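# Architecture at a glance
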Amino acid sequence: VDNGAADRRPVDEHRPLIIAHRGASGYLPEHTLEAKALAYGQGADYLEQDVVATRDHQLLVLHDIYLERVTDVAALFPDRRRADGHYYVVDFELEAIRQLTVTERRRPDGRAALYPQRFPAETGRFRVVTLAEEIEFIQGLNRSTGRQVGLYPEIKEPQWHAEHGIDLGRLMLEQLASFGYAEEDDPVFVQCFDARELRRIREGLGSRLKLVQLVGRSRLERRGTLRATREYAQVLAPPYSRLVSARSRNAEPRPSVLAVSARQAGLLLHPYTFRREKLPPYAASLEDLLEVFLRDLRMDGVFCDFPDVAARVRDSCGPLPVASEAEGRRSPPTA
Ligand code: CA
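The structure contained in this document is the topic of the report that follows. (Residues numbered from 1 in each chain as written. Predicted model: local features only at pLDDT ≥ 70, side-chain atom pairs only at ≥ 80, totals over all residues. Heavy atoms only, no water.)

## Focus on the overall build of the protein
- Scanning the protein from N- to C-terminus turns up twelve helices and twelve strands.
- Here the protein holds 335 residues, and the buried ones make up 54% of them.
- As displayed, the protein offers around 15,200 Å² of accessible surface, 49% of which is attributable to carbon and sulfur atoms. (Helix = DSSP H or I, 4+ residues; strand = E, 2+ residues; numbered from the N terminus. Buried < 20%, exposed > 50% of the residue type's maximum accessible area, 1.4 Å probe, protein only. Areas by Shrake-Rupley, 256 points an atom, 1.4 Å probe, with all protein chains shown as cover.)

In structure tokens:
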């Protein structure tokens, strides 16, 4: 890999970012260091961290606010189960979390793997990782490889954490700053579904990091909403299905109104989540799907469970010039 290439690339060339969704989670249990190492080696530009906090305010890289779908918590700590059936991270201290083994994600009923073709369930000795450990790991790899792979942390359920006396957003910013990430051009994107929390991060806590507004399937983003989002965030991250117009579902995909409006509002687009196991009618393979979004729809980044595939498709598209204003696109915004 010629690692100097990225630095010599003309600034006006469109080069979408490959964001490893929970690491190379298509191949190894999500959010383990093994999955992050693989994603790093497969050429991801950013590695994603979902961040939650323990009772003793330690930050962990885990997707859920509870533990049972990816660990053996039910076997080790059966009496820590709440009445609703969940084993919540906020009910555990880091010392107990250290004893857990991480496994491939199970279905909600806990009986089988969510993706049966992926890494075999209940296999291996994977561990829960703290955010600090993961940042050290990435910085270590950045040093040994000379590359500059970035962090893409998500503040998970800030309201839930606040109800348990934990200011997750503030703790995350402090931890990032302690590792040297505080400025807009540092290789970090901070993501959250909660718009109030992101606005607080920008305006209340004064963070200069790049912020990403995650949106779900249903929320309606009007043009005014998108302009308001641009006041605090640089990126909009919706499910990819929302960026394709409904009329084109079975024909050549065209950008949706949301895609065009977001661009006009000056937002970059990082859709989620590209995986082999679920494909829309207009794509015969994950490669096809990624080609539509990276080459035809010119996304600025993609969240993918298979970073090697995304990087390969991105590189096979060759250099793409930045689209013109007439196409409803602006230069990357600066805060
Ligand atoms: Ca996430």
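## A word on helix α9 (residues 223–230)
- Of all the residues in α9, the buried ones are Leu226, Thr229 and Arg230. Take α9 and look down its axis: the buried residues cluster within an arc of 100°, on one side only.
- For α9, the secondary structure elements touched by its buried residues are β8 (210–214), β9 (235–237) and α10 (257–264). (Arc of directions from axis to C-beta. Contact = heavy atoms within 4.5 Å.)

## Topic: the pattern of salt bridges
- Scanning all chains against the criterion turns up 27 salt bridges.
- The partner of Arg105 in a salt bridge is Glu30, with the nearest N and O atoms 2.8 Å apart. Placement of Arg105 in the loop between α4 (94–97) and β5 (129–130) and of Glu30 in the loop between β2 (17–20) and α2 (33–41) is noted, with a sequence separation of 75 residues between them.
- A salt bridge links Arg263 to Asp300, with the shortest nitrogen-to-oxygen separation between them at 3.2 Å. Here Asp300 lies in the loop between α11 (286–296) and β11 (301–304) and Arg263 lies in helix α10, a separation of 37 residues in the sequence. Assigned by exposure class, Arg263 and Asp300 land together as buried.
- Within this structure, Arg15, Asp45, Arg314 and Asp315 form a network of salt bridges that share partners. (Salt bridge = Lys/Arg side-chain N within 4 Å of Asp/Glu carboxyl O.)

## Regarding α10
- Within the span of α10, buried status applies to Leu258, Ala259, Ser261, Ala262 and Arg263.
- Tucked inside the fold, the buried residues of α10 contact α9, β9 and β10 (268–269).
- Gly266 sits one or two residues past α10 and shows a positive phi near 90°.

## Some details on unusual backbone geometry
- The backbone of His31 sits at a positive phi, close to 65°, despite the residue not being glycine.
- Among the structural elements, His31 can be located in the loop between β2 and α2.
- Residue classification places His31 among the buried positions, given a relative accessible area of 3%.
- Positive phi is not limited to glycine here, since Arg298 has a value of about 55°.

## Concerning the nonpolar core
- Membership of the largest hydrophobic core comes to 54 residues, with the highest contact counts inside it found for Ile97 and Leu176.
- The contacts of Leu176, once residues within four sequence positions are left out, are Ile135, Leu151, Pro153, Tyr181, Val188, Val190 and Leu209.
- In terms of nonpolar packing, the next biggest core, distinct from the first, is built from 32 residues, Tyr240, Leu243, Leu297 and Cys317 among them. (Core = buried A, V, L, I, M, F, W, Y, C linked by side-chain atoms within 4.5 Å.)

## Re the pairing of β8
- Burial runs high along β8: five of the five residues are buried.
- Of the two faces of β8, the one lined by Lys210, Val212 and Leu214 and the one lined by Leu211 and Gln213 are each fully buried.
- Across four bridges, strand β7 (residues 189–192) lies against β8 in parallel orientation. Within β8, the position partnered with Val190 by the bridge is Leu211.
- Since β7 and β8 lie parallel, the crossover through helix α8 (residues 195–204) that links them has a hand, and here it is right-handed.
- Across three bridges, β8 lies against β9 in parallel orientation. In the strand pairing of β9, Val212 is matched with Val235. (Pairing = 2+ DSSP bridges. Right-handed = clockwise from strand over helix to strand, strands pointing away.)

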